[in-house]
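Below, each chain spelled out in residue letters.
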Amino acid sequence: MVRDRATRSKCRVSPAIATILCFVFFAGTTQTARADKPLATAASESFGVSAEILSQIDETVSAAIKRGELPGAVVLIVHRGKIIFRKAYGQRSLEPAMTAMLPEIVFDLASLTKPIATATAIMMLIEQGKLRLSDLVSNHVPGTPFQGAKITIEHLLTHTSGLIADNALKDYQDGRAKSLERIYDLKPTAEPGTKFIYSDVGFIVLGDLVERLSGEPLEQFTRKRVFEPLGMNETGFMPPGKLKDRAAPTEKRDGGWMQGEVHDPRAHLMGGVAGHAGLFSTADDIAVYAQMILLGGTFDGRRVLKPETVKLMTTSRPVPGGKTQWFRGLGWDLLTSYSANRGSLFPAGKSFGHTGFTGTSIWLDPDTQTAVIFLSNRVHPSGKGNVTKLRGQVATIAASALPAYQARTSAPVLPGIDVLVKENFARLKGRRIGLVTNHTGRDRQGRATIDLLHQAPGVTLVALFSPEHGIRGILDEKVGDTKDEKTGLLIYSLYGSRRRPTADTLQGIDTLVYDIQDIGCRFYTYITTLGYVLESAAENKIKVVVLDRPNPIGGVAVEGPIRDVGKESFVAYHALPIRHGLTVGELARLFNAERKIDANLEVVQMQGWKRSMLLDRTGLSWVNPSPNMRSLSAALLYPGIGILETTNLSVGRGTERPFEWIGAPWLDGTRLAAALAEQKLSGVRFVPAQLTPTGSVHKGKSCGGVHIFIDDWGRFEPVRTGLAIASTLRKLYPEDWKIDRLDVLLVHQETWKGIAASADWRDLEQNWQPESARFDRMRKKYLIYSD
């Protein structure tokens, strides 16, 4: 394949990006690749997968290369048994000479060795009856390994053995046998089964067990029983000859470049073969392995594992993660701090994958029969690259292109600030600006609205105003006035001694510009600040310009009761339903008219946004709008889970999954999960989990509870889910769950009374149907965007 104009045209990228895409390979075009490649290619559109969305991977990977996060990469996507995306980006090497990346480059897989080689081999031994998950290591290793600790095979596979991550390199200086002897002399740092510690040591032990029980070294066992049967002829340990020459280099060792030589120092000292690292492969070969797993252990008529074994290997198992609870499979990651490569769309706890230290990853989604393979040598040349964020971005783009996660395709959305930049700030020329914003005020490129307006020609930025959580969005307390270090401008807090701009803070300002990301929920206080800004502007004869942004949880669905009359507060500014389905620009129009504020209001409308879009379909990056709003999943859950947080129930503050877990010391997670499963709520499931919050409600107390996973974002109804949880809690724990303050955020007495009376959640909804219909008719007058 050569670089020509036809290829560049098909890429749909700018010339600048095309220089980074050194060699581009598309399904269905002529490719230079190994003749025996068994996984066929197909056009993504033949499966309804959006090629336009997949093309966003080009810009995303290329931008990371420009930032110096990696020299190059290969991305391959398998869908329903075909390769639908296969491209190489950037450079294979930067030193000693620059050479282009190619799709057939061989990579040091690092920790992908764990699931692909070691765990697969262990599962084969289990099938053969030579091993059981419950077996103690001491059953198969003479003496008293690990000083008598009762470590099982399952402990090793799930990283719950208590063994340290890595022992000292000096333990490996005297050869393989002595290295293993020292490993078996280690004492666990935690009681087996009580703590998740990602452990290379544990997988070194598993690799040794493969040899002890099969009589063959790990590299021979996997080559004969896994890779050769699957036709994975470019996969193995210590690649020879031509494969070694085709490998991507990593760093220098002893003055020479590591090319086809394992990067991991412990695997290197063990002769290049270990259970935790040492495997080399290509994207095409890994695609075959992935397809075998997705098909339940078979590929092209060749069975490697039984279907029940694959299911056992990939089923979610809770593992204790300290302040949170995580989930692992046997050799696979499902939901831990290591699973950022899942992205934000593939279902948590159901899809699975793994990463490798050198910059590799794989993620598999059985529901859609999809695998995303990302291979890079990010440690080349100096070990300073970082692809943690990039791997997740690629997975999110891949998932968003699938029919299951993407109802329709669209051009990237331009928020109001981008439209303003595109117009060269014409609407603000000659204006003296007071900017109401925080860290979420930024354009598509990540440039702060503060900086853009400060540098805008003909525009004078006079002062800044910050909402709750401060200008950087990191504070969970009242905020005082400060000064912006970069511009030297005063920052007037609207969440301290004042809640709205005052006449003295508006001196010298003729226009207030509002640019803050909302999350689509009535009690999220940024929209109250918006209302107060409109009121202050009207009182002081100042214009208001709202830079519109997407409602991240969509602009179609409207859910929940309307706020009771006369119950206005900072968390209930206007009579809205809990999930209002409006953008901040639309809300400004509604507030201005319905509350008869009559401010001089202008909304800078977005370009490209449609009402059905959630944030993941806009091409915009997620930025935590407040300290505990850490994902789009949390934002979707917030309208339902948020109403519960004024009670004695933890909603996950002080854990790693705020609003995605609920619990209390008096709560039985298994019982609650079973009761909620009976409600048959759309697009959501509940998994029991015991956590100990480090802050907020029940700080430092062990709490029974449930993780909440959204499986279908289109069908999920957050308010209905929250009310179903409330109704169920009231029935299961009428004495323990205290609901006196439940109406603080609910702000609907009839619904509160219904919950107190243990009414069914379906009946609760009937209370607000007439008022919801009236609101919907009124709301339509202020809509800016269609679908």
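For the structure, check the block above.
Cut-off values and rules
Residues numbered from 1 in each chain as written. Predicted model: local features only at pLDDT ≥ 70, side-chain atom pairs only at ≥ 80, totals over all residues. Heavy atoms only, no water. Helix = DSSP H or I, 4+ residues; strand = E, 2+ residues; numbered from the N terminus. Rg over C-alpha atoms; globule rule 2.2 N^0.38 Å. Buried < 20%, exposed > 50% of the residue type's maximum accessible area, 1.4 Å probe, protein only. Contact = heavy atoms within 4.5 Å. Phe/Tyr/Trp six-rings, centres within 6.5 Å; stacked < 30°, edge-to-face > 60°. Lys NZ or Arg CZ within 6 Å of the ring centre and 35° of its normal. Core = buried A, V, L, I, M, F, W, Y, C linked by side-chain atoms within 4.5 Å. Pairing = 2+ DSSP bridges. Axes fitted to C-alpha atoms, helices over the stretch in contact; angles between N-to-C directions. Right-handed = clockwise from strand over helix to strand, strands pointing away. Salt bridge = Lys/Arg side-chain N within 4 Å of Asp/Glu carboxyl O.

Can you help me understand the overall build of the protein in this one?
Scanning the protein from terminus to terminus reveals 25 helices and 26 strands. Computed over C-alpha atoms, the radius of gyration of the protein comes to 28 Å, within 12% of the 28 Å expected from 2.2 N^0.38 for 787 residues, which places it in the range of a compact globule. Out of the 787 residues in the protein, the part that is buried amounts to 62%. Of all intrachain contacts in the protein linking residues separated by at least 6 positions in sequence, the fraction that spans at least 24 positions is 70%.

What should I look at first to understand the packing of aromatic side chains in this one?
To describe a pair of aromatic rings, one takes the distance between the centres and the angle between the planes. On inspection of all chains with the given rule, the structure shows 18 aromatic pairs. Note on F196 and Y338: the rings are 6.2 Å apart at their centroids and 65° apart in plane angle, and the pair reads as edge-to-face. Of this pair, F196 sits in the loop between α7 (176-184) and α8 (200-214) while Y338 is found in the loop between β13 (333-335) and β14 (352-356), placing the two residues 142 residues apart along the sequence. Overall, the relative accessible area of 37% leaves Y338 in the partly exposed class. Between the aromatic rings of Y532 and Y573, the centroid separation amounts to 5.7 Å while the plane-to-plane angle is 80°, which identifies the pairing as edge-to-face. Placement of the pair is Y532 in helix α17 (residues 526-539) and Y573 in the loop between β22 (543-547) and α18 (584-594), with a sequence separation of 41 residues. Members of the aromatic cluster, joined through ring pairs, are Y495, Y532, F570, Y573 and F591. Directly above the aromatic system of F357 lies the positively charged group of R378, at a separation of 4.5 Å from the ring centroid. Over the face of the ring belonging to Y532 we find R500, whose NZ or CZ atom lies 4.0 Å from the ring centre.

Sorry if this is basic, but what is going on with the nonpolar core here?
Across soluble globular proteins, nonpolar side chains show a tendency to be buried alongside one another. In terms of nonpolar packing, the biggest core is built from 127 residues, with I57 and W737 touching the most fellow members. For W737, the contacting residues outside a window of four places in its chain are L644, T647, N648, L649, W666, A726, L729, R730, L742 and I755. Listed in part, the 88 residues of the second largest apolar core include L76, I105, L157 and Y172.

Sorry if this is basic, but what is going on with the sheet that holds strand β25 (residues 684-688) here?
Sheet strands pair via backbone hydrogen bonds, and the direction of the pair is either parallel or antiparallel. The strand order across the open sheet formed by three strands is β24-β26-β25, and the pairing between neighbours is antiparallel. Pairing within the sheet leaves two strands with one partner each, and these edge strands are β24 (661-664) and β25. On average, each strand axis in the sheet is inclined to that of its neighbour by 20°, with strand direction left out of account. In this structure, β25 lies alongside strand β26 (residues 704-710), joined through five bridges in antiparallel fashion.

Sorry if this is basic, but what is going on with the pairing of strand β23 (residues 601-604) here?
Where a strand is regular, its side chains alternate between the two sheet faces. Relative to β23, β22 is paired through four bridges, and the arrangement is parallel. Bridge assignment links V546 to a residue of β23, and that residue is V603. A crossover links β22 with its parallel partner β23, the connecting element being α18, and its sense is right-handed.

What should I look at first to understand the sheet that holds strand β18 (residues 460-466) in this one?
On the basis of which strands lie adjacent, the open sheet formed by seven strands has the order β19-β20-β18-β17-β21-β22-β23 and mixed pairing. Each edge of the open sheet carries a strand with a single partner, namely β19 (482-483) and β23. Both strand β17 (residues 432-437) and β18 contribute to a ladder of five bridges, which runs parallel. Bridge assignment links R432 to a residue of β18, and that residue is T460.

I'm lost on the environment of I708 in this one. Help?
Along the chain, I708 turns up in strand β26. Residue I708 is classed as buried on the basis of its relative accessible area of 1%. As a C-alpha pair, I708 and L375 span 333 residues in sequence and 31 Å in three-dimensional space. Those residues within four positions of I708 in sequence are excluded, and the remaining contacts are L637, I641, R657, E660, I662, V684, R685, F686 and I725.

What's the story with the pattern of salt bridges in this structure? I'm lost.
If the charged atoms of two oppositely charged side chains come close together, the side chains can form a pair. Throughout the structure, instances matching the rule amount to 42 salt bridges. Among the ionic pairs, R86 bridges to D284, the shortest N-O distance being 2.8 Å. Of this pair, R86 sits in strand β2 (residues 82-93) while D284 sits in helix α12 (residues 283-294), and the two are 198 residues apart along the sequence. A salt bridge links K486 to D451; the shortest N-O distance between them is 3.1 Å. Here K486, found in the loop between β19 and β20 (490-493), pairs with D451, found in helix α16 (residues 449-455); they are 35 residues apart in sequence, far enough to count as distant. For D451, a relative accessible area of 17% corresponds to the buried category.

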